[in-house]
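Analysis of the macromolecular model
The chain contents come next:
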Amino acid sequence: MQLSEFTYVFLILCVPFIGYIVNTTNPKKGFTILFSSIIFLAVFINPSIFTLLGILFLGLYAKLLDKKESNYLLLLSTISFLMGSFNFVGLELLKAILPILLVSSVFSLMMIGHWFLVDPTISRVGMKNIAIFSTSLSLGLSVLVFFNFYESSSSLFNLLSNGVLNNVIVFLYISAAFLSFGSFKSLQEKSYTGVMASTGLSYLSLIVSMGSSGTLILSI
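Bear in mind the structure is a predicted one, so any value in this text is a computation, not a measurement.

Moving on, we come to the overall build of the protein. The helix and strand inventory of the protein stands at 10 helices and zero strands. Mapped from its N terminus to its C terminus, the protein presents α and β elements in the order α-α-α-α-α-α-α-α-α-α. Radius of gyration (C-alpha) of the protein: 18 Å, near the 17 Å computed for a compact globule of 220 residues. Counting only C-alpha atoms and orienting by the principal axes, one finds that the protein spans roughly 55 × 45 × 20 Å. Counting only residues that meet the buried cut, the protein has 50% of its 220 residues in that class. The long-range share in the protein, meaning contacts at least 24 apart out of those at least 6 apart in sequence, stands at 79%. For the protein, the computed accessible surface area is about 10500 Å², with 71% contributed by carbon and sulfur atoms. Between the mean site of the 10 positive side-chain charges and the mean site of the 7 negative ones, the protein shows a separation of 12 Å.

Structure (structure tokens):
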């Protein structure tokens, strides 16, 4: 998988998290517009008809956020983007989707954490659940790598044996799980500093997640 393909899938997998955050955290409309604007960058990577449809439905979702029909628009956006990603990446997406989903979830946690620092009146429930999701997915991926569900076949890492490389990736995923769980525990602190700490830990988790998932995808 190339970097452009990784970036495209990473961006479009953030779309479901926008809907979840809006429904559970209820941030101001500016958050949806800001997050959607970042996802709109996908059109420069893969300007296909499915990408354009995904962006159209996402834009309508942001515009009609207060309407009941908005969730259907978000669903159509997600479906369009996923079809675009299958056309762009191919069947390789099936194995890569979970590692990239982890990066998208941690990035979404970081985004809503930053928004909380702007608007501390919003609920923390969505942030906590995404942090738990990221923790669980990190641990699940570490187990899959440990039991060789992902088999290395890349010459990029021929300086390391498959066993050593797998151990490195497992360690990175476990580290990402600890950081995401630390972000969750920080959110238990009721003061403003708890969210600041959570956002900082989500930054670290994002870096480690990108390192682990990027290495894994390059090695399969």
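Another point: helix α7 (residues 93-118). Here α7 spans 36 Å end to end across 26 residues, near enough to the 38 Å set by a 1.5 Å rise per residue. If you look at α7, its biggest bend is around 30 degrees, right at proline 99. Of all 26 residues in α7, 19 are buried, a share of seventy percent or more.

Moving on: a nonpolar patch on the surface. Side chains of Ile49, Leu52, Leu53, Leu56, Leu60 and Leu64 sit close together on the surface and give an oily, nonpolar patch of about 480 Å² of accessible area. For leucine 60, the location among the structural elements is in helix α5 (residues 49-63).

Ranked by size, the top nonpolar core spans 59 residues in total, and within it Phe35, Ile39, Leu58, Tyr61, Phe81, Ile100 and Phe107 carry the most contacts. When residues in this core are grouped by element, the largest group, 14 residues, is from α7. Apart from residues no more than four positions distant in its own chain, phenylalanine 81 is found in contact with Tyr8, Ile12, Val15, Ile39, Phe50, Thr51, Gly54, Ile55 and Leu58.

Right, let's get into the packing of aromatic side chains. Each aromatic ring pair is summarised here by two numbers: the centre-to-centre distance and the angle between the ring planes. Considering all chains together, one arrives at eight aromatic pairs under this definition. On the numbers, 5.3 Å between centres and 75 degrees between planes, the contact of phenylalanine 10 with phenylalanine 107 is edge-to-face. In this pair, phenylalanine 10 is assigned in helix α1 (residues 3-12) and phenylalanine 107 in helix α7, connecting sequence segments 97 residues apart. Phenylalanine 107 matches phenylalanine 10 in its accessibility class, with the two residues each being buried. Counting every residue linked through ring pairs, the aromatic cluster contains Phe10, Phe31, Phe35, Phe107 and Trp115. Sitting over the face of the ring of phenylalanine 149, lysine 95 holds its NZ or CZ atom 5.2 Å from the ring centroid.

Both trends apply: most residues other than glycine have a negative phi, and most peptide bonds are in trans. The phi angle at asparagine 26 is positive, at roughly 55 degrees, despite the residue not being glycine. Tracing the chain through its elements places asparagine 26 in the loop between α2 (15-25) and α3 (29-39). Look at asparagine 148: it is not a glycine, yet its phi comes out positive at around 60 degrees. Mapped onto the secondary structure, asparagine 148 falls in the loop between α8 (125-146) and α9 (162-188).

Before going further, it helps to examine the confidence of the model for the protein. Of all residues in the protein, 93% have pLDDT values of 70 or greater, and the mean over the chain is 85. Helix α10 (residues 192-219) is the least confidently modelled element of the protein, averaging 83 in pLDDT, while α5 averages 92, the highest of any element.

Attention now moves to the environment of leucine 141. Among the secondary structure elements, leucine 141 is positioned in helix α8. Since its relative accessible area comes to 1%, leucine 141 is described here as buried.

Take leucine 60: its relative accessible area is 32%, and that puts it in the partly exposed class. Distance from leucine 60 to leucine 94, taken between C-alpha atoms, is 29 Å for residues 34 residues apart in sequence.

Working note: α-helix, 3.6 residues per turn, so residues spaced by three or four point in the same direction. All buried positions along α2 are accounted for by Val15, Phe17, Ile18, Gly19, Ile21, Val22 and Thr25. Here the buried face of α2 lies against α1, α3, α5, α6 (70-89), α7 and α8. The first or second residue beyond α2 is asparagine 26, which carries a positive phi of 55 degrees.

Definitions and cut-offs
- Numbering of residues begins from 1 in every chain and follows the order in which that chain's sequence is written.
- Where totals are concerned, whole chains, interfaces and linings use all residues; where local detail is concerned, this predicted model gives features only for residues with pLDDT of at least 70, and gives and counts side-chain atom pairs only at 80 or more.
- Based on all heavy atoms of the structure, the side-chain values leave hydrogens and waters out of the count.
- For the purposes of this entry, the term helix denotes a DSSP run of H or I that reaches at least four residues, the term strand denotes a run of E that reaches at least two, and both are numbered from the N terminus.
- The quantity called the radius of gyration is restricted to C-alpha atoms. Its globule counterpart is 2.2 Å times the number of residues to the power 0.38.
- A simple rule labels every residue: compare its accessible area, found with a 1.4 Å probe on the protein chains alone, to the largest value its type can have, and call it buried under 20%, exposed over 50%, or partly exposed in between.
- Two residues qualify as a contact provided that any one of their heavy atoms is within 4.5 Å of a heavy atom in the partner residue.
- Note on areas: these come from Shrake-Rupley sampling with a 1.4 Å probe, and a residue is covered only by the protein chains present in the view.
- We score Asp and Glu as negative and Lys and Arg as positive, and we do not count His or the chain ends.
- For charged residues, the charge sits on one atom: NZ in Lys, CZ in Arg, CG in Asp, CD in Glu.
- A helix's residues, less one, multiplied by 1.5 Å, set its expected span.
- Bend is the name given here to the angle between axes fitted to two runs of seven residues, the run ending at a residue and the run starting at it.
- Nonpolar side chains (Val, Leu, Ile, Met, Phe, Trp, Tyr) within 5 Å and like charges within 9 Å form the patches, drawn only from residues with over 30% relative accessible area and no salt bridge.
- Note on definitions: salt bridges are taken to be side-chain nitrogens of Lys or Arg within 4 Å of carboxyl oxygens of Asp or Glu.
- In these notes, a set of buried Ala, Val, Leu, Ile, Met, Phe, Trp, Tyr and Cys residues joined through side-chain atoms within 4.5 Å is what counts as a nonpolar core.
- In this scheme Phe, Tyr and Trp rings, the latter by its six-membered ring, pair at centre separations within 6.5 Å, and the angle between planes marks the pair as stacked below 30 degrees, edge-to-face above 60, and tilted otherwise.
- Two conditions define a charge sitting above a ring: the NZ of Lys or the CZ of Arg must be within 6 Å of the ring centre, and it must be within 35 degrees of the ring normal.
- A score between 0 and 100, pLDDT records how confident the predictor is in each residue.

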